[in-house]
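Chain and residue survey
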Amino acid sequence: MCQKSINDLPEIALEMILSWLSYDEIAKCRAVCKTFDEKCKQLLNRAPNLVDQRCNQYLYVIKPQLPRRESAKNRHPLLATYYAVDAIRISTIKLYMMYEKYIKQNSCCFIPGKIIDESFEIIRDLKEKENCGDPLNFNDLQAVLEEFKDLKIMATEHFEESIKPRLDLNYKEDYLREVVLSPWMCHGEFGHDDDETWRAPKRAKPSSPTGELTGTEYFAILHDLYSKITEHESKLQEYVNKIVQQESKIREYSKEIQNQDLKIKNYLKKIANQDTKMAEYTKLFENQQSKLHDQGQKILSIESQFTRVSKLLENLNQKLVNSGVIRE
């Protein structure tokens, strides 16, 4: 009776089993065997897209609730939740873009599973807070994203220091093996008559009577081959240096963008505070206006009474004059 292992399960069943694990555990399960490695790679490569979809779905629900007016939007209780979800989405996309080139080359997969787990956990907590009627506020925004930012920084540093140099070295070796050496290894001759793009040295005509190449001729061919390899290596190194420079510039720009985002958030907070103060001052002004209006009405009533009393006094004085009691 033959024994069956978990590798004999259908791919759908194996994927369902692995879906019960966290993405950090899925990344560790790649070391089990080749079957697990392939299936875990597929799940990890799909994870950033799932985070993006989940964030977009949540933002699609939150955004219609935010008012269009900027001053009212800054005071809305769901604005901090919107910023948190959007920050998670953008950070996950940026982290995936670092791996994307090597994922397309099938050199590696999206390794940082903890980032995915933390993203889903934060989104789940934000939804629970919103359902309980206690949405996230700006005071707790930094604390909620602190663990996520730490994991992102560690994952980026690990990629730049440990993973990327090895992947670039493997890519360089594969390039030399496939592009430079394979035409010499796969053909019995040292030249390509039918390939104009390959400018390798043609096979020299043997000068010995036996029809074989001499040691000097072999040395000349190998010297030409070595010069071609050196030329390709120098070009490849130039491209690598350019890529490194571009990546450093991108990191600088991303830092500047983050700083600008922080400044914008601070300005938005200041504007919100100014709006609240303006609303308070507006209420005070309206109260003062109402009081002044009341005082004006009272003054008008007093003036009318004073005018009436003056007329009465004048009439009384005229009667007294007419009666001869007093003289004019």
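Here's what I pulled together on the structure shown here. (Residues numbered from 1 in each chain as written. Predicted model: local features only at pLDDT ≥ 70, side-chain atom pairs only at ≥ 80, totals over all residues. Heavy atoms only, no water.)

**Some words on the layout of surface pockets**
Empty pockets left among the atoms are what a rolling probe the size of a water molecule brings to light. In this model, the largest pocket occupies a volume close to 1,600 Å³. Looking at the lining of the largest pocket, the elements with two or more residues in it are α5 (79-104), α7 (138-186) and α8 (215-323). Among the elements that line the lining of the largest pocket, the one with the most residues is α8, at 16 residues. Here the residues of the lining of the largest pocket sort into 20 nonpolar, 7 polar and 14 charged. (1 Å grid on protein atoms, 1.4 Å probe; cavity = no way out; pocket = protein on both sides within 12 Å on 5 of 7 lines; lining within 4 Å. Points joined across faces, edges and corners; volume = space filled by probe spheres on them. Helix = DSSP H or I, 4+ residues; strand = E, 2+ residues; numbered from the N terminus. Nonpolar A, V, L, I, M, F, W, Y, C, P; charged D, E, K, R; others polar.)

**As for the packing of aromatic side chains**
Evaluated as defined, the whole model comprises 6 aromatic pairs. When the centroid spacing of 6.1 Å and the interplanar angle of 45 degrees are considered together, the rings of Tyr-96 and Phe-110 count as tilted. Residue Tyr-96 is located in helix α5, and its partner Phe-110 is located in the loop between α5 and α6 (113-131); the two are separated by 14 residues in the primary sequence. Classification of Tyr-96 as partly exposed rests on a relative accessible area of 23%. You can call Phe-110 buried: its relative accessible area is 0%. These aromatic residues form a ring-pair network of at least three members: Tyr-96, Tyr-99, Tyr-102, Phe-110 and Phe-159. Above the ring of Tyr-58, the side-chain terminus of Lys-127 is found at 5.3 Å from the ring centroid. Over the ring of Tyr-83 we find Lys-265; its NZ or CZ atom is 5.4 Å from the centre of that ring. (Phe/Tyr/Trp six-rings, centres within 6.5 Å; stacked < 30°, edge-to-face > 60°. Buried < 20%, exposed > 50% of the residue type's maximum accessible area, 1.4 Å probe, protein only. Lys NZ or Arg CZ within 6 Å of the ring centre and 35° of its normal.)

**Some words on the side chain of Lys-152**
Along the chain, the position of Lys-152 falls in helix α7. The charged side chain of Lys-152 is buried without a salt bridge, its nearest counter-charge being Asp-261 at 9.6 Å. (Lys, Arg positive; Asp, Glu negative; His and termini not counted. Salt bridge = Lys/Arg side-chain N within 4 Å of Asp/Glu carboxyl O.)

**A look at the nonpolar core**
In terms of nonpolar packing, the biggest core is built from 46 residues, with Tyr-23, Ile-88, Tyr-99, Ile-116 and Leu-126 touching the most fellow members. Within the residue set of this core, elements represented by two or more residues are α1 (11-18), α2 (23-28), α3 (34-62), α5, α6 and α7. Sequence-distant contacts of Leu-126, that is, excluding residues within four places in its chain, are made with Tyr-58, Thr-81, Ala-84, Val-85 and Leu-136. (Core = buried A, V, L, I, M, F, W, Y, C linked by side-chain atoms within 4.5 Å. Contact = heavy atoms within 4.5 Å.)

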